[in-house]
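Spelled out from the first residue to the last, the chains are:
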Amino acid sequence: VNIDGFINTAQFQKERAKKYGRIPSADLYFQPSCMHHLKRIIDETGCKIVLSSTWRLSELRVGAIYTNFVMHNMDIRTIIGKTPNFLYATTFSNGKGYVERGDEIKAWLKANDKINYNIESFVILDDDSDMADLKDRLVQTTWKLGLTRKLANKAIRMLNGETNEYKINSKN
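Undergrad: Just to check I follow, could you spell out the packing of aromatic side chains for this structure?
TA: The relation between two aromatic rings is expressed through the spacing of the ring centres and the mutual angle of the planes. Per the counting criterion, the structure on display carries two aromatic pairs. Taking 5.8 Å as the distance between ring centres and 25° as the angle between the ring planes, the aromatic pair formed by W108 and Y117 counts as stacked. The ring of F122 is capped by R137, whose NZ or CZ atom sits 5.0 Å from the centre of that ring.

Undergrad: Which parts of the structure should I look at to understand the side chain of E104?
TA: Tracing the backbone through its elements, the reader meets E104 in helix 4 (residues 101-112). Taking the relative accessible area as the measure of exposure, E104 reaches 7% and is therefore buried. Side-chain polar atoms of E104 contact the side chain of R56, separated by 3.2 Å. One polar contact links the side chain of E104 to the main-chain amide nitrogen of F86, over a distance of 2.9 Å. Setting aside its immediate chain neighbours within four residues, E104 contacts R56, T83, P84, N85, F86, L87 and V99.

Undergrad: Could you clarify how one ought to interpret the pattern of salt bridges in this entry?
TA: Pairing between side chains of opposite charge can happen when their charged atoms approach one another. By the definition in use, this model includes six salt bridges. Between D133 and K106 there is a salt bridge; the shortest N-O distance is 3.0 Å. One end of the pair, D133, is in the loop between strand 3 (124-126) and strand 4 (138-140); the other, K106, is in helix 4, and 27 residues separate them in sequence. The class for D133 is partly exposed, based on a relative accessible area of 40%.

About the criteria used
Residues numbered from 1 in each chain as written. Predicted model: local features only at pLDDT ≥ 70, side-chain atom pairs only at ≥ 80, totals over all residues. Heavy atoms only, no water. Phe/Tyr/Trp six-rings, centres within 6.5 Å; stacked < 30°, edge-to-face > 60°. Lys NZ or Arg CZ within 6 Å of the ring centre and 35° of its normal. Helix = DSSP H or I, 4+ residues; strand = E, 2+ residues; numbered from the N terminus. Buried < 20%, exposed > 50% of the residue type's maximum accessible area, 1.4 Å probe, protein only. Polar contact = N/O pair within 3.5 Å; in protein donor to acceptor, adjacent residues only side chain to side chain. Contact = heavy atoms within 4.5 Å. Salt bridge = Lys/Arg side-chain N within 4 Å of Asp/Glu carboxyl O.

Here you go:
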């Protein structure tokens, strides 16, 4: 999962700024409705969370993620890992000179499927679309609204394999 544009939204930050005045960059509270929808996805599917956000690179921000999970009665053990950081890699699959987040997600999946977890299904919850060949697994949110009820329902259907459209393709 990503953080900004998923559970930390422009709408929520604007509301907090209006209520409290200038919000410092260290303000690390997430939009309650988005956290509610994420909790529903976890509760209804039994899924685990892998952090793909740049927030995974900061211990302060990872701590804030755990704090928000606790504040919203979510088990922090649901978070099972972080994708690798390919920021300084020299070879990219897209040939464009930058890493797509999808490449980092594929690397985590390759390193962890069958060894640590038996991954039957997955979704990517993110407001960006740089998912390489994993775009069919993307539930794309927006920075303005984040995770909505409709998008949470789509993620639940995908994770529960309720339609053939969302089954994992063997080439992924």
